[in-house]
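# Chain and residue survey
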Amino acid sequence: MPKKPADEPIIDFGEPKNIGLPTNLCMVDRGAELVEISEKLEQASTRLVCIHGIGGIGKSHIAIETAHRNAWRFPDGILWLKVETSGFQLADICRNIGYLLEINLKEMSEEQLRHKALDAISARKCLIILDNAETIQPDERKRIAEFLRGFDPRRGSKALVTSRVVIASRLFSSHEPA
């Protein structure tokens, strides 16, 4: 007699949905950094953590590993956005938030898109990761920084930003004005 779907065990590893998050095959000797970032993500007052440094030191790998090790903190999902073009915009983040949270954000003005995405992310516990933020155009970086500052950290959603440029980290920092 053929098995019915209900006869098959349901295996749930407890990992949240993630969009674009790569697998980190090897992480060696970065425990102190991982603990520091995890502690920052744990704080209710933190909405944004920036990792900056010269190219090739492992910022992206630390962000990937941090996301995997802290996935349990973000049951509504993790969104990894690798910024590879200077044309990257806030609308790209908003549309991907809609995709992650399975909400329809099509055919909206940019202002409506921003508000709906921010409302959705603020009501959930998600991690949004922007990798290579230094490649975002300065004016757009300010708009994205303003959006990320709109997260209510007490609700649980956070952002993690990597950048080769300290200026980008300062702009995205929740402690310094744009």
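Refer to the preceding data block for the structure.
Keep in mind the model is a prediction, meaning the values are calculated, not measured. (Residues numbered from 1 in each chain as written. Predicted model: local features only at pLDDT ≥ 70, side-chain atom pairs only at ≥ 80, totals over all residues. Heavy atoms only, no water.)

### A closer look at the environment of Arg164
Along the chain, Arg164 falls in the loop between strand E5 (158-163) and helix H6 (166-172). A relative accessible area of 51% places Arg164 in the exposed class. Separated by 111 residues in the primary sequence, Arg164 and Gly53 place their C-alpha atoms 4.9 Å from one another. Setting aside chain neighbours within four positions, we find Arg164 in contact with Gly53, Gly55, Lys59 and Glu134. (Helix = DSSP H or I, 4+ residues; strand = E, 2+ residues; numbered from the N terminus. Buried < 20%, exposed > 50% of the residue type's maximum accessible area, 1.4 Å probe, protein only. Contact = heavy atoms within 4.5 Å.)

### Focus on the pattern of salt bridges
Between side chains of opposite charge, pairing is possible as soon as their charged atoms come close. Going through the model one piece at a time under the given rule, you end up with eight salt bridges. As a salt-bridge pair, Glu33 and Arg30 come within 3.4 Å of each other at their nearest N and O atoms. Between Lys82 and Asp131 there is a salt bridge, with the nearest N and O atoms lying 3.0 Å from each other. A residue pair is termed long-range when its members are at least 10 positions apart, and Lys82 in strand E3 (residues 77-82) and Asp131 in strand E4 (residues 126-131) qualify at 49 residues. One connected set of salt bridges, linked through shared partners, spans Glu110, Glu140 and Arg143. (Salt bridge = Lys/Arg side-chain N within 4 Å of Asp/Glu carboxyl O.)

### Re the nonpolar core
The biggest cluster of nonpolar side chains holds 30 residues, and the ones touching the most others in it are Ile97, Phe147 and Leu148. For this core, the element with the most residues is helix H3 (residues 90-101), which contributes seven residues. The residues touching Ile97, leaving out its near neighbours within four places in the chain, are Leu79, Ala117, Ile121, Ile128 and Phe147. Grouped together as the second largest cluster of nonpolar side chains are 17 residues, Val49, Ile62, Ala63 and Leu127 included. (Core = buried A, V, L, I, M, F, W, Y, C linked by side-chain atoms within 4.5 Å.)

### So, the packing of H3 against helix H5 (residues 138-149)
Put simply, H3 and H5 touch, their axes get as near as 9 Å, and they point 35° apart. In contact with Leu90, Ile93, Cys94 and Ile97 of H3, H5 contributes Glu140, Arg143, Ile144 and Phe147. Residue classes in the contact of H3 with H5 are distributed as six nonpolar, no polar and two charged. (Axes fitted to C-alpha atoms, helices over the stretch in contact; angles between N-to-C directions. Nonpolar A, V, L, I, M, F, W, Y, C, P; charged D, E, K, R; others polar.)

### Some words on the side chain of Lys59
Tracing the backbone shows Lys59 in helix H2 (residues 59-69). One buried charge, Lys59, has no salt-bridge partner; the nearest side chain with opposite charge is Glu134, at 6.6 Å. Those residues in contact with Lys59 that sit more than four places away from it in its chain are Ile51, His52, Gly53, Ile54, Thr162, Ser163 and Arg164. (Lys, Arg positive; Asp, Glu negative; His and termini not counted.)

### Looking at helix H4 (residues 110-122)
In a regular helix each residue adds 1.5 Å, so 13 residues correspond to 18 Å; H4 covers 18 Å between its end C-alpha atoms and thus fits that length. Every buried residue of H4 is listed here: Leu113, Arg114, Ala117, Leu118, Ala120, Ile121 and Ser122. Where H4 is buried, its residues contact H3, E4 and H5. (Expected span 1.5 Å × (residues − 1).)

### Structural notes on the sheet that holds strand E1 (residues 18-19)
Backbone-to-backbone hydrogen bonds pair the strands of a sheet. The strands run either parallel or antiparallel. Pairing in this open sheet of five strands is parallel, and the strands run E1-E3-E4-E5-E2 from one edge to the other. Two strands in the sheet have a free side with no partner beyond their single neighbour: E1 and strand E2 (48-52). Of the strand pairs in this sheet, E4 and E5 are connected by four bridges, and their pairing is parallel. Residue pairing for E5: Leu130 is matched across the bridge by Val161. (Pairing = 2+ DSSP bridges.)

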